[in-house]
Amino acid sequence: MMTDSPRNDGDLVRRAQRGDEDAFGQLVSRYMRSAYAVALSVTGKHEDAEDAAQESLLVALERLDECREPDRFAGWLLTIVRNRSRNLLRRESLRTTSEIPVGTAGSGPLPDQALSRARLRDDLEAALAELSEVQREIVLLHDYEGWKHREIAERLDMPSGTVRSHLHFARKALRKRLAPKRAPNSNAPRRGAADG
Amino acid sequence: MADRHMEGTLGIDAPVTELEAIDPGAEDGLFWARFHRGVMERATAELARRRDLVGVTIADALSGWARMVVPMAAAAAAVAAVALFQSPEASSPERLVDVLDVPSTLDEDLEGELMPSLSATAIAESF
């Protein structure tokens, strides 16, 4: 049984405005993944998305008094994330850093499982890159972060039907792009090896 | 998760569950804890500034209130003191009689006395 009901965003924002560290910490916990997802939808790169998401949370804290509707903090935050991500992209438009899976840089050959995960992530990022920014954002917020249609519609300030439509086309495009590359860990025998 | 599963069983597009692979925490279990800690460390100064601002604001309000109330209280005390000590005649019996609007017929009996008497003798003698 829960002894403390989770505070709503409005309460946390008002407390954070007064410098309450615990309240701001809870807001970060709630929205760091979705901030990352939106940043990734703009930048297309893990490292940039991580930087942009962190930077956006700090900018949100500095500008917290400008959040006119504390109960709608999520939508306001994601606007900041989007803008900061685009700024970062513009600043680093000539960056050519290759996609290195987290935790594997300089560690030598990857174990099979880690390698297949890294390849899947590369494929996913390439597939996401072929979507429009809004489709990426919506499919990440829904399928990756777990937001409901109504939450996305409210926080992105768009009709629910539009959200569903973007989600439908995003999923269709991703499946088409990923279909030949699915099941990297398949246990099916290799061709030519089983006949005998 | 349940919401997404329900959508699949209702014939709506099923979620692209492969997207979970882009989660940096899937490979690095401490990623999100580090991310959170990184944000909070960088937020320390701003949070402290906000707390200080709240403290200053309260102190300012209290001192401002005091600045307004203390002079007003002093002025009120001064006026009360002036009113209290200004006019000695205010306590004289004649003035009191005038203030109480005692009828002239009774006035005669009160002449020379400080307080009107309501004793039976006094009343009888007045008729």
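If you're wondering where the values come from, they're calculated on a predicted model, not measured in any experiment.

Attention now moves to the overall build of chain B. Helix and strand counts for chain B stand at six helices and zero strands. Counting all 127 residues of chain B, 20% fall into the buried class. By element, 66% of the accessible surface of chain B is carried by carbon and sulfur atoms, the whole surface being about 9,200 Å².

Another aspect to go through is the overall build of chain A. Per the secondary structure count, chain A includes eight helices and zero strands. In chain A, the succession of α and β elements from N to C terminus is α-α-α-α-α-α-α-α. The buried share of chain A, taken over its 196 residues, is 44%. Relative to all contacts within chain A whose residues are 6 or more apart in sequence, the contacts with residues 24 or more apart total 63%. With an accessible surface of roughly 10,700 Å², chain A has 47% of that area assigned to carbon and sulfur atoms.

Turning our attention to the packing of helix α6 (residues 133–144) of chain A against helix α8 (residues 160–178) of chain A. Residue and element names in this part refer to chain A. For the pair α6 and α8, interaxial distance at closest approach is 8 Å and the crossing angle is 90 degrees. Between α6 and α8, the angle is such that the two are roughly perpendicular. Between α6 and α8, the residues in contact are Val-134, Gln-135, Ile-138, Val-139, His-142 and Asp-143 and Val-163, His-166, Leu-167, Phe-169, Ala-170, Arg-171 and Leu-174, respectively. Per-class residue counts for the contact of α6 with α8 are eight nonpolar, three polar and two charged.

We now examine the nonpolar core. Most often, soluble globular proteins keep nonpolar side chains buried together rather than apart. Counting 64 residues, the largest nonpolar core has Phe-24, Phe-73, Val-139 and Leu-140 of chain A together with Leu-19 of chain B as the members making the most contacts within it. If you tally residues by element for this core, the top one is helix α2 (residues 21–43) of chain A, at 12 residues. Each of two domains, domain 1 (1–94) and domain 2 (110–183) of chain A, supplies a minimum of three residues to this core. With residues up to four places along the chain from it excluded, the contact list for Leu-140 of chain A reads Ala-37, Leu-40, Ser-41, Leu-128 and Glu-145 of chain A together with Leu-19 and Ile-22 of chain B.

All names here are of chain A. Scanning the entire structure with this criterion turns up 17 salt bridges over all chains. With its nearest N and O atoms 3.1 Å apart, the salt bridge here joins Arg-33 to Glu-145. Placement of the pair is Arg-33 in helix α2 and Glu-145 in the loop between α6 and α7 (149–156), with a sequence separation of 112 residues. The exposure class assigned to Glu-145 is buried, which follows from its relative accessible area of 17%. Of the charged contacts in the structure, one is a salt bridge between Arg-82 and Glu-137, with a shortest N-O distance of 2.7 Å. Placement of the pair is Arg-82 in helix α4 (residues 73–91) and Glu-137 in helix α6, with a sequence separation of 55 residues. In this pair, the class of Arg-82 matches that of Glu-137, namely buried.

A separate point is the environment of Val-16 of chain B. Structurally, the position occupied by Val-16 of chain B is in the loop between α1 (2–9) and α2 (24–27). Contact partners of Val-16 of chain B, with chain neighbours within four places excluded, come to Asp-143, Arg-171, Leu-174, Arg-175 and Leu-178 of chain A.

Turning our eyes to something else, we now look at the packing of aromatic side chains. When we look at a pair of aromatic rings, we describe it by the centre distance and by the angle of the planes. Enumeration according to the criterion identifies seven aromatic pairs over all chains in this entry. Where Tyr-36 of chain A meets Trp-32 of chain B, the ring centres are 5.6 Å apart and the plane angle is 85 degrees; that geometry is what we call edge-to-face. Placement of Tyr-36 of chain A in helix α2 and of Trp-32 of chain B in helix α3 (residues 31–85) is noted, with the two residues assigned to different chains. No difference in accessibility class separates Tyr-36 of chain A from Trp-32 of chain B, as the two residues are buried. In this structure an aromatic cluster arises from ring pairing among Tyr-36 of chain A together with Phe-31, Trp-32 and Phe-35 of chain B. Positioned over the ring face of Tyr-144 of chain A is Arg-33 of chain A, at 5.1 Å from the centre of the ring. In this structure, Arg-155 of chain A packs its charged tip against the face of Trp-147 of chain A, placed 4.5 Å from the ring centre.

All right, on to the interface of chain B and chain A then. Facing 30 residues of chain B, the contacting portion of chain A comprises 48 residues. The contact between chain B and chain A buries some 3,800 Å² in all, and 64% of this surface belongs to carbon and sulfur atoms. Remark: the boundary between chain B and chain A carries three salt bridges. Where Arg-33 of chain A meets Asp-23 of chain B, a salt bridge forms, and the shortest distance between an N and an O atom there is 2.9 Å. Our enumeration of links across chain B and chain A arrives at 15 residue pairs in polar contact (both at pLDDT 80 or more). Counting residues per element, the ones that place at least two in the side of chain B that touches chain A are α1, α2 and α3 of chain B. Its residues assigned to classes, the side of chain B that touches chain A shows 15 nonpolar, two polar and 13 charged.

Attention shifts here to the side chain of Glu-55 of chain A. Residues and elements named next belong to chain A. The topology assignment puts Glu-55 in helix α3 (residues 46–62). Among the polar contacts listed, one links the side chain of Glu-55 to the side chain of Arg-84, at a separation of 2.6 Å. When sequence neighbours within four positions are dropped, the list of residues in contact with Glu-55 reads Arg-84 and Arg-91.

On to the packing of α3 of chain A against α4 of chain A. Residues and elements named next belong to chain A. At a minimum axis separation of 8 Å, α3 and α4 run at an interaxial angle of 130 degrees. Classed by the angle they form, the pair α3 and α4 counts as oblique. Of the two possible hands of crossing, α3 and α4 adopt the one that is right-handed. Contact with α3, carried on its side by Asp-48, Asp-51, Ala-52, Glu-55, Ser-56, Leu-57, Val-59 and Ala-60, involves Trp-76, Leu-77, Ile-80, Val-81, Arg-84, Ser-85, Leu-88 and Arg-91 of α4 and no other residues of that element. Residue composition of the contact of α3 with α4, grouped by class: nine nonpolar, two polar and five charged.

Conventions and cut-offs
Residues numbered from 1 in each chain as written. Chains lettered and ligands numbered in written order. Predicted model: local features only at pLDDT ≥ 70, side-chain atom pairs only at ≥ 80, totals over all residues. Heavy atoms only, no water. Helix = DSSP H or I, 4+ residues; strand = E, 2+ residues; numbered from the N terminus. Buried < 20%, exposed > 50% of the residue type's maximum accessible area, 1.4 Å probe, protein only. Areas by Shrake-Rupley, 256 points an atom, 1.4 Å probe, with all protein chains shown as cover. Contact = heavy atoms within 4.5 Å. Axes fitted to C-alpha atoms, helices over the stretch in contact; angles between N-to-C directions. Parallel < 35°, antiparallel > 145°, perpendicular 65-115°, else oblique. Nonpolar A, V, L, I, M, F, W, Y, C, P; charged D, E, K, R; others polar. Core = buried A, V, L, I, M, F, W, Y, C linked by side-chain atoms within 4.5 Å. Domains from an automatic or database assignment. Salt bridge = Lys/Arg side-chain N within 4 Å of Asp/Glu carboxyl O. Phe/Tyr/Trp six-rings, centres within 6.5 Å; stacked < 30°, edge-to-face > 60°. Lys NZ or Arg CZ within 6 Å of the ring centre and 35° of its normal. Buried area = accessible area lost by both parts, 1.4 Å probe. Polar contact = N/O pair within 3.5 Å; in protein donor to acceptor, adjacent residues only side chain to side chain. Left-handed = near helix turned anticlockwise from the far one by under 90°.

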